[in-house]
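# A structural walkthrough
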Amino acid sequence: MTWDFSTEPEFEAKLEWMRAFMRDEVYPLEVLEADEAGFMRAIRPLQQEVKQQKLWATHLPPELGGQGYGQVKLGLMHEIEGASMWGPIIFGNQAPDSGNSEVLAHFGTEAQKKRWLHPLLEGKMRSAFSMTEPNTAGSDPTLLSSTAVLDGDEWVINGHKWFSSNGMIADFLIAMVVTEPDAGPYQRASMILVPGDAPGLKKLRNIPTMGGHERFGYGHAEILYENVRVPADNLIGKRGHGFLIAQARLGPGRIHHCMRWLGQARRAFDMLCERSLQREAFGKKLASHETVQNWIADSAAEMEAARLMTLHAAWVIDTAGAAAARKEISLIKFFGAKVLHDVIDRAIQVHGSLGYSSDLPLEEMYRHARAARMYDGPDEVHRVSVARQILTGYQAPPGIWPREHVPTRREAARRKFASLLEAAVADA
Ligand SMILES: Cc1cc2nc3c(=O)[nH]c(=O)nc-3n(C[C@H](O)[C@H](O)[C@H](O)COP(=O)(O)OP(=O)(O)OC[C@H]3O[C@@H](n4cnc5c(N)ncnc54)[C@H](O)[C@@H]3O)c2cc1C
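None of these values were measured; they are calculated from a predicted model.

This brings us to the overall build of the protein. Helices and strands together make up the secondary structure of the protein, namely 13 helices and ten strands. Overall, the C-alpha framework of the protein stretches about 95 × 65 × 45 Å when taken along its three principal axes. Per-residue burial for the protein yields a buried fraction of 43% across its 428 residues. By sequence separation, contacts in the protein at least 24 residues apart represent 71% of the contacts at least 6 residues apart.

Shown next, in the form of structure tokens:
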């Protein structure tokens, strides 16, 4: 099996344009202090340029309203735009909007697409995905306790959610709630669209986090649903299909994070190399100290592995579909999060106090990298999933290690050796 991740010259030219655009237009914005409305206004011309280049919302195929580049090309693009935390919003791929647009594109009705998906894709709306609950369901969503009950032609939603990213500014939320309490654990939940201004929806706060997401209003919201009434038509897909849709949403969504992490790690790595060549300590450049060389070599090896694993998972999705790539996606989700963390950590270390300061983007990248080991499923859950997939129906290749009693095997090996020796002597 061969994997070829090279692309045609026209596409390479687009990647080149993206690199220059990120460097000249997006990186300089990183130190900006502004409110959400001001920021969104300021980036509109940049988003316009991206649209003109046909690089907007590249995560969806054309029939669903996107550009249709496929996952491998998406990986190459996300790697570039992910190098800055402002890249995704300028390119129309910001989580959770990107994952939510996939849900609506794949499972929404025509009316839902018209009302919610199209404005979302045009960048005129923001959205949130509201699944995690503070007291019950996180890693294990079968523990969901929020409910929706059909009352006439309306759903009545009650529950307590948190870490709904974008929740405070969302024009709509996709709430994952129990609608079939008596069904099996994976058939109990459904996804329902909730307008951001629905009566009874109490947006309590942006939870203060080590990520400091509160900048620009974007953040992770704690939300109470108190008798929130929405039309029955706001159900996405079928009743009890919440898990099925969540799998479809989170699969590609997870790998999109991994793609962006490649760019973050690469940027931290470049800063690590640059600083080690500039700065001196104890009579020589930092780059000449063996420990720093080890950091550079380890980072290069880990990043290369993460990149190949990410693009390979993307290739499996492109060629066999997201369901066939479950193991590959879980592998890179926990491996990529560690690589991201470790490379940024080394880059901070080589910069010393400068690395710890907010004059460089590294400390912010580091704080966000810590969350990567939790969102979209913590490391441990992905490891369990990988191990289960490997071990289910596992059959060792024949002859890897004969199971007979070892002394008996030693005796057999001695006899074989003696007969080979005899043959060799007779030959001589
Ligand atoms: C930055 C950020 C953004 C987020 N955005 C959203 C969002 O938009 N919408 C949303 O609904 N949620 C969101 N989340 C929540 C996220 O999905 C949950 O944090 C995650 O699913 C873990 O759930 P939990 O925090 O409740 O941890 P818990 O379920 O309480 O788990 C705690 C820990 O237990 C351990 N653990 C769990 N299962 C196993 C296992 N099988 N084996 C061994 N150890 C295990 C893990 O170490 C885990 O970290 C976000 C979280 C963060 C940090």
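Attention now moves to the pairing of strand 3 (residues 154–165). Pairing analysis gives five bridges linking strand 2 (residues 147–151) to strand 3, with the strands arranged antiparallel. The residue of strand 3 that forms the bridge with V149 is V156. Connecting the antiparallel pair strand 2 and strand 3 is a turn made up of two residues, with G152 showing a positive phi of about 65°. In terms of strand pairing, strand 3 meets strand 7 (residues 220–231) through nine bridges, oriented antiparallel. Each bridged residue has a counterpart across the sheet, and for V156 the counterpart in strand 7 is R229.

This part is about the nonpolar core. Judged by nonpolar contacts, the single largest core of 107 residues is most densely connected at I157, I192, V194, A268, I344 and A347. Tallying contributions element by element places helix 7 (residues 242–278) first for this core, with 14 residues. Apart from the residues lying within four places of it in its own chain, the contact partners of I192 are A148, W155, I157, A175, V177, V230, N234, L235 and I236.

With that out of the way, let us pick up the domain arrangement of the protein. Taken domain by domain, the protein consists of domain 1 (9–121), domain 2 (127–236) and domain 3 (244–391). Using C-alpha coordinates to define each centre, domain 2 is positioned 30 Å away from domain 3. At the interface, seven residues of domain 2 touch nine residues of domain 3. Per-class residue counts for the side of domain 2 that touches domain 3 are four nonpolar, three polar and no charged.

This part is about helix 13 (residues 406–427). For helix 13, which comprises 22 residues, the first-to-last C-alpha distance of 31 Å matches the rise-based estimate of 32 Å (1.5 Å per residue) to within 8%. Counting buried positions over the 22 residues of helix 13 gives zero, only a small fraction of the element.

This part is about the site of the ligand. The local shell around the ligand holds 20 residues, among which M131, G138, S139, S165 and E380 are the closest. For the shell around the ligand, the elements supplying multiple residues, two or more each, are strand 1 (127–130), strand 3 and helix 12 (379–391). By residue class, the composition of the shell around the ligand is ten nonpolar, nine polar and one charged.

This part is about unusual backbone geometry. In terms of backbone geometry, most residues other than glycine have negative phi values and most peptide bonds are trans. The amide bond that connects A95 to the next residue, P96, takes the cis arrangement and shows omega of 0°. Inspection of the secondary structure puts P96 in the loop between helix 4 (87–90) and helix 5 (97–107). The backbone of F282 sits at a positive phi, close to 55°, despite the residue not being glycine.

Procedures and definitions
- Residues numbered from 1 in each chain as written.
- Predicted model: local features only at pLDDT ≥ 70, side-chain atom pairs only at ≥ 80, totals over all residues.
- Helix = DSSP H or I, 4+ residues; strand = E, 2+ residues; numbered from the N terminus.
- Buried ≥ 20, exposed ≤ 12 C-beta atoms within 10 Å, placed from the backbone.
- Contact = placed C-beta atoms within 7 Å.
- Pairing = 2+ DSSP bridges.
- Core = buried A, V, L, I, M, F, W, Y, C linked by C-beta atoms within 7 Å.
- Domains from an automatic or database assignment.
- Nonpolar A, V, L, I, M, F, W, Y, C, P; charged D, E, K, R; others polar.
- Expected span 1.5 Å × (residues − 1).
- Near = placed C-beta within 6 Å.

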